[in-house]
Every structure is written in structure tokens, then in C-alpha cells.
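Coordinate analysis (summary)
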Amino acid sequence: MTSALDSSYRPILAEDSLLGGSTFNYGAVSSDNEANNASEGLEARKCIEKRLLRKLDLRVAFLVLVYIMNYMDRNNAAAARLRGLEEDLHMHGRQFNTLISILYVGYIMMQVPSNIFLNHIGKPSLYLSTCMAIWGLISAFTGAAQTYHGALLSRFLLGFVEAAFYPGALFLLSKWYKRNEIGLRTALLTCGSSVSNAFGSLIASGILGSMDGKLGFAAWRWLFFIEGTLTVAVAIAAIFILPDFPASSASWLTPEERALAQLRMEEDSVVADQGEVGQSKSISGLVLALTDGKVWWLGVALCSMVASLSFGNFFPTLCATMGYSPTITLLLCAPPWLLGTATSFLVTRHSDSTGDRFWHITCPLLVGMIGYIMAMSTMNIVFRYISLFIMAQSSVGYVVFLTWVSNSIPHPPAKRAVAIAFINSIATFGNIGASYIWLSSWGPSYWNSQHLRRLNVATETEERILGLPQGYRYLL
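The sections below set out a description of the structure shown in this document. In this numbering scheme, every chain counts its residues from 1 along its sequence in written order. Where local features are concerned, this predicted model is filtered to residues with pLDDT of at least 70; where side-chain atom pairs are given and counted, the filter is 80 or more; whole-chain, interface and lining totals use all residues. By convention in this description, side-chain values take in all heavy atoms of the structure and omit both hydrogens and water.

Things to note about the overall build of the protein chain
Rules: To qualify as a helix, a DSSP run of H or I must reach at least 4 residues; to qualify as a strand, a run of E must reach at least 2; elements of each kind are numbered from the N terminus. Each residue gets one of three labels from its accessible area relative to the maximum for its type: buried under 20%, exposed over 50%, partly exposed in between, using a 1.4 Å probe on protein chains only. Residue contacts are defined here by distance: any two heavy atoms, one from each residue, within 4.5 Å place the two residues in contact. Residue-level accessible areas treat just the shown protein chains as cover; the underlying method is Shrake-Rupley with a 1.4 Å probe.
The helix and strand inventory of the protein chain stands at 20 helices and two strands. With 476 residues in all, the protein chain has 57% of them scored as buried. Restricting to contacts in the protein chain with at least 6 residues of sequence separation, those with at least 24 account for 79%. Accessible area for the protein chain stands at about 19,300 Å²; split by element, carbon and sulfur atoms hold 65% of it.

Okay, here's the thing in C-alpha cells:
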């Protein structure tokens, strides 16, 4: 079907200020053949919508690669720890935990301002790509750090710039996809973290195993150099691939497809997204988000969940407790996350089809708790490795929860932009505190880490189900 549809049933473009001059009036018909032409008009819409989603999915899929690089640059310190990072920078005590934690301090500070700015300029392709190139350079420069404090500053700046990507990507998805479509796309995006944990470990094992001493640099420094450079290369490509918002002109969409993209979001929201203009939309979005109690509760719930998933930041360390060499340890990190990625697709697709979010969040967390109990109960290598597979399943609930956030705040867009970033900011506090749960002195069993975290998660679940106010938590 060409864009010049038969005049008896094609979508008719009509003047409409809401869509900047064009919208769809499907089923515009002659008075003598209304029923047939209405049916043909709906068929024409389905064809255009299918073509729109196919084009959009191909571009949005690139976000997965960006997220892989985002997580790889964030977590490469855990792999570098296995090959001399702490010794070369003369780190001791809880300094490595602080090195992990400080990234999230910068992350918290920038998420809300970043999304407000992104909603204002409406150019995700340029803004997110620029931020990506900057954090790639910062990651590469981390490899040149000569002291603990130099690495600490690099990690803080890395979190400050990386904060733009994830809430911005979620906001971008919410501007293009309807409620019954966004779950699977959020899963596709978020699976980038699991894929990064898997393949990042494989890449790290290759670099750390073969680059030690090259040009006089330790292997862990090469890890930062190479992965940071790869991030910059991906950022350059992202400028030309990532989509902007539907209201922006796009050469890769026909006028009919672009108008339909805007109409779809209007139909999916009670209030039209384009109703705000000027600086007041940023201010009103901030006020609307901060005065909505639902936003705060979602943030608190996600914060508890993020704390329970903090084992991901120390996954190579947990694998190392099985006693294998650094290279084998990093290779063993991959399979649990690959299984978690596959499970995420199945669970989120089922969640979208049934419309249920609660049980699709709760059940993976309960499965993860079984893994925690197994890990704290035995040092048997087989059972300990199986426990890592089970623990990784809890990340599936995190994926579904993020979909729930986008569904719960569909409009207006300025509020949604602030709310997504603010909820992620509150959640990041879970990573700051949880970085100190996995102390070296508590290894190799990490019984204290598993037990206290399990008690906190159980208490949070009980309070949410019974509607109780937030009470006591273990602070470590």
C-alpha cells in the first residue's frame, strides 16, 4: 500500500491546531457507503500503524545497545577489582564500597533536572547521545587515575552524566508507545542491564586476561580505556539513529505516520500531551509530580527493590567466592544474567497481555528470596552457583515495576518526565546504602548481607500489603 491511499477510504488529513496542522479522521465517508468505507479506513489505519511500529522498534532497539554501554561503564569497577584495582590505588577498608556508592550520589542529583531539560528541548537523539559521549570519556579517564581520590572523582562525574540516560529513555518510550505496548519495550530496554552483566563479564575476561602490561598499563586500566572508547563510538552512531519525540519532524516517517504517532498517544491518555507550552510546563510538571503521593510511594517501593538487587553491583565478587581464577569467575557471571533476560521477556509479555502488574512484580522477588536463602545457607559450589541463577530472577520484577511507573503517570508529559526521573532518584538511594552491605570482611559467605537485606525486603512487602506506615529498617 502506498501513501497515496484510495480516496474512498484513505485517512484524511484535516487542519487541527493540536497536531500542528494534521490529524487523522478515519472513516471519513460518503453518505451512501458509510459502513464499507469506515471498515476500509480502519484497515488503512492498521497498515500505517503496523508500518510505524516496525520503523520505531528498529530505532528504539538501539537504546538497548546504549543501555548495555551505560551499565558496562558503571559496573566495570567490579571486574577491575579482580585484577588489581584496589592494590594499585592503595584502597583499604570500605573504600571500594564508597567507590561504588559515590556514582549514585551524582546519579540522584541529575535525574530530575535532566528530564525537565529533555522535555523542554524535545531532542533526545542529540541530548542523550551527547551525554553518552561525555560519560564514555569520563570512563576512559578513570583508567588513568593514580589515586583513590582521583578514581572517586571520576566515578562521581560518571554518575552525574549517566543519570541523563535511563529516565530519559523511559520518558522517550512513554512518548511513543501506548500502555499495552510499553511493557515489552521497557523489558527490551531494561534487558540491556542483564545483557551487559553477561557480556560485559565476557568482554572483561578477555581484556583482563590478555592486556596486562601492554604499553606499560595494568589490565584493569585497559578495561576502562577500551570500554570508554567503545561508548564514544556508539554515541556518535546514536545521534543519527535515536528518534526524537513524535511532534518533531522526522525524515524516517511519512506525514501520515507522524500524525498517527501523535494521535495514538492522545487516544491512550485522558488528557492530550500537547496541551502545555512554554516555560510554565516545566514548572507545572515539577509541581504536579512532587504533590502526587503516588509518585512518592512508587519511589519508596522501587528504592527497597533496588536495595534488594544490589548484589548485581558485586556479582563478580560473589562468583569469586566459588574459588576460581578471575578469568573463569567472569565467564561464570554470564549465564545467570542470560537466563534472567529470557525470563524478563516472557514475564513482561504475559504482564502486558493480562494487564496485571502486581503479581508479575511480587513473584520474581519471592523467587529471588529463595536464591538469597540458598546462598546464605551453604558454601557448596554447585548450590551456590544455582543460587546466583535464582537471585538473578528477581530483576524481572524490577523490569515490570518500571512499566507500572510509566502506566501510572500517563499525562501530562511534563509531569511524566519529572515523575519518572524523581522515582528513579528516590530508588537510587537504595544503591547508595546497599553498596555497604557487601563488605569484604563479611565474605566469602556474605551471610549478614543476605539475611539483613531479606529482612528489609520482607518488612517492606508486609507494610505495602497491609497499608502500614514505613517502619524500622536495618541500616548498614
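Remarks on the side chain of Glu227
This is how it is decided: For the charge count, each Lys or Arg is scored as positive and each Asp or Glu as negative, with His and the chain ends excluded. Within this document, salt bridges are pairs made up of a side-chain nitrogen of Lys or Arg and a carboxyl oxygen of Asp or Glu, the two lying within 4 Å of each other.
Mapped onto the elements, Glu227 comes out in helix α9 (residues 219-241). The buried charged residue Glu227 lacks any salt bridge partner; its closest oppositely charged side chain belongs to Arg155, at an N-O distance of 9.0 Å. Excluding residues that lie within four positions of it along the chain, Glu227 makes contacts with Met69, Met72, Asp73, Asn76, Gly200 and Ile203.

Some points on empty space enclosed by the protein
So the rule is basically this: Only protein atoms enter the 1 Å grid used here. Points where a 1.4 Å probe fits but cannot escape make up a cavity, open sets with protein on both sides within 12 Å along at least five of seven lines make up a pocket, and a residue lines them when an atom lies within 4 Å of a point. Grid points are joined across faces, edges and corners, and a volume is the space filled by probe spheres set on the points. Three classes are used, and their members are as follows: Ala, Val, Leu, Ile, Met, Phe, Trp, Tyr, Cys and Pro are nonpolar, Asp, Glu, Lys and Arg are charged, and the others, Gly among them, are polar.
Summed over the entire model, instances satisfying the criterion amount to nine cavities of 30 Å³ or more. Of the volumes computed, that of the largest cavity is approximately 390 Å³. Every residue lining the largest cavity is counted, 27 residues in all, and those nearest its centre are Tyr71, Arg74, Val306, Tyr398 and Asn431. Residue assignment for the lining of the largest cavity shows that the elements contributing at least two residues are α2 (62-80), α4 (95-121), α8 (179-210), α12 (293-308), α18 (395-408) and α19 (413-434). Broken down by class, the residue content of the lining of the largest cavity amounts to 13 nonpolar, 13 polar and one charged. Each pocket or cavity is described by its volume, and for the second largest cavity that value is around 180 Å³. Lining the second largest cavity we find 19 residues, and of these Asn75, Ser196, Asn197, Gly200 and Ser201 sit closest to its centre. For the lining of the second largest cavity, the secondary-structure elements that each account for two or more residues are α2, α8, α9 and α13 (315-320).

Here we look at the packing of α8 against α18
Cut-off, in case you're wondering: Angles run from 0 to 180 degrees between N-to-C directions of axes, and those axes are lines fitted to C-alpha atoms, restricted for helices to the stretch in contact. Angle categories: roughly parallel below 35 degrees, roughly antiparallel above 145, roughly perpendicular from 65 to 115, and oblique for all the rest. Crossing handedness: left-handed means the near helix sits turned counterclockwise from the far one by under a right angle, and right-handed means the same turn made clockwise.
Running from amino to carboxyl end, α8 crosses α18 at an angle of 140°, the nearest separation of the two axes being 9 Å. Between α8 and α18, the interaxial angle falls into the category oblique. Like other packed secondary-structure pairs, α8 and α18 cross with a definite hand, here right-handed. Residues Arg179, Ile182, Gly183, Thr186, Ala187, Thr190 and Ser194 of α8 touch α18, and the partners they reach there are Ser395, Tyr398, Val399, Leu402, Thr403, Ser406 and Asn407.

Some remarks on unusual backbone geometry
Phi at His90 takes a positive value of approximately 55°, unusual for a residue other than glycine. Relative to the helices and strands, His90 is located in the loop between α3 (85-88) and α4. The exposure class assigned to His90 is exposed, which follows from its relative accessible area of 62%. The phi angle at Leu215 is positive, at roughly 55°, despite the residue not being glycine. Note on placement: Leu215 falls in the loop between α8 and α9.

Points about the packing of α12 against α18
Interhelical geometry of α12 versus α18 gives an angle of 170° and a closest axis separation of 11 Å. The angle between α12 and α18 falls in the class roughly antiparallel. From α12, Lys294, Leu298, Ala301, Leu302, Met305 and Val306 reach across to α18, where they touch Gly397, Tyr398, Phe401, Leu402, Val405 and Ser408. A breakdown of the residues in the contact of α12 with α18 according to their chemical character gives nine nonpolar, two polar and one charged.

Focus: the pattern of salt bridges
Counting across every chain of the model gives twelve salt bridges. In this structure, Lys46 and Glu43 form a salt bridge, with 3.9 Å as the shortest nitrogen-oxygen distance. Of this pair, Lys46 and Glu43 both sit in helix α1 (residues 34-60), three residues apart, roughly one helical turn. Overall, the relative accessible area of 52% leaves Lys46 in the exposed class. Residue Glu43 is classed as partly exposed on the basis of its relative accessible area of 43%. Between Arg51 and Glu257 there is a salt bridge, and its shortest N-O distance comes to 2.5 Å. Here Arg51, found in helix α1, pairs with Glu257, found in helix α10 (residues 255-268); they are 206 residues apart in sequence, far enough to count as distant. Glu257 shares its class with Arg51; the two are buried. Each of Arg45, Glu49, Lys178, Glu181 and Arg264 takes part in salt bridges that share partners, so that together they form one network.

Overview of the side chain of Arg357
Here Arg357 shows up in the loop between α15 (334-354) and α16 (358-377). If sequence neighbours within four positions are ignored, Arg357 has contacts with Arg179, Ser351, Asp352, Val400, Thr403, Trp404 and Asn407.

Re α2
Put simply, the rule is: Expected span of a helix: the number of residues minus one, times 1.5 Å. At any given residue, the bend is defined as the angle formed between two axes, one fitted to the seven residues that end at that position and one fitted to the seven that begin there.
Given a rise of 1.5 Å per residue, 19 residues ought to cover 27 Å, and the 27 Å separating the end C-alpha atoms of α2 matches this to within 8%. Where α2 bends most, at Arg74, the angle is about 40°. The element α2 is extensively covered by neighbouring structure, given that 18 of its 19 residues are classed as buried.

Comments concerning the environment of Gly106
With respect to the secondary-structure elements, Gly106 resides in helix α4. The exposure class of Gly106 is buried, given its relative accessible area of 0%. When the C-alpha atoms of Gly106 and Leu158 are compared, they prove to be 7.6 Å apart, with 52 residues separating the residues in sequence. Those residues in contact with Gly106 that lie beyond four places of it in its chain are Phe156, Gly159, Phe160 and Ala163.

Brief notes about the packing of aromatic side chains
Selection criterion: Aromatic pairing here means that ring centres of Phe, Tyr or Trp (its six-membered ring) are within 6.5 Å. Orientation follows from the plane angle: under 30 degrees is stacked, over 60 is edge-to-face, and everything else is tilted.
Counting across every chain of the model gives 17 aromatic pairs. With a centroid separation of 4.8 Å and 75° between ring planes, the pair formed by Trp296 and Phe422 is classed as edge-to-face. You can see Trp296 sitting in helix α12 and its partner Phe422 sitting in helix α19, a full 126 residues away along the chain. Centroid distance Phe358 to Trp359: 5.0 Å. Interplanar angle 80°. Geometry classified as edge-to-face.

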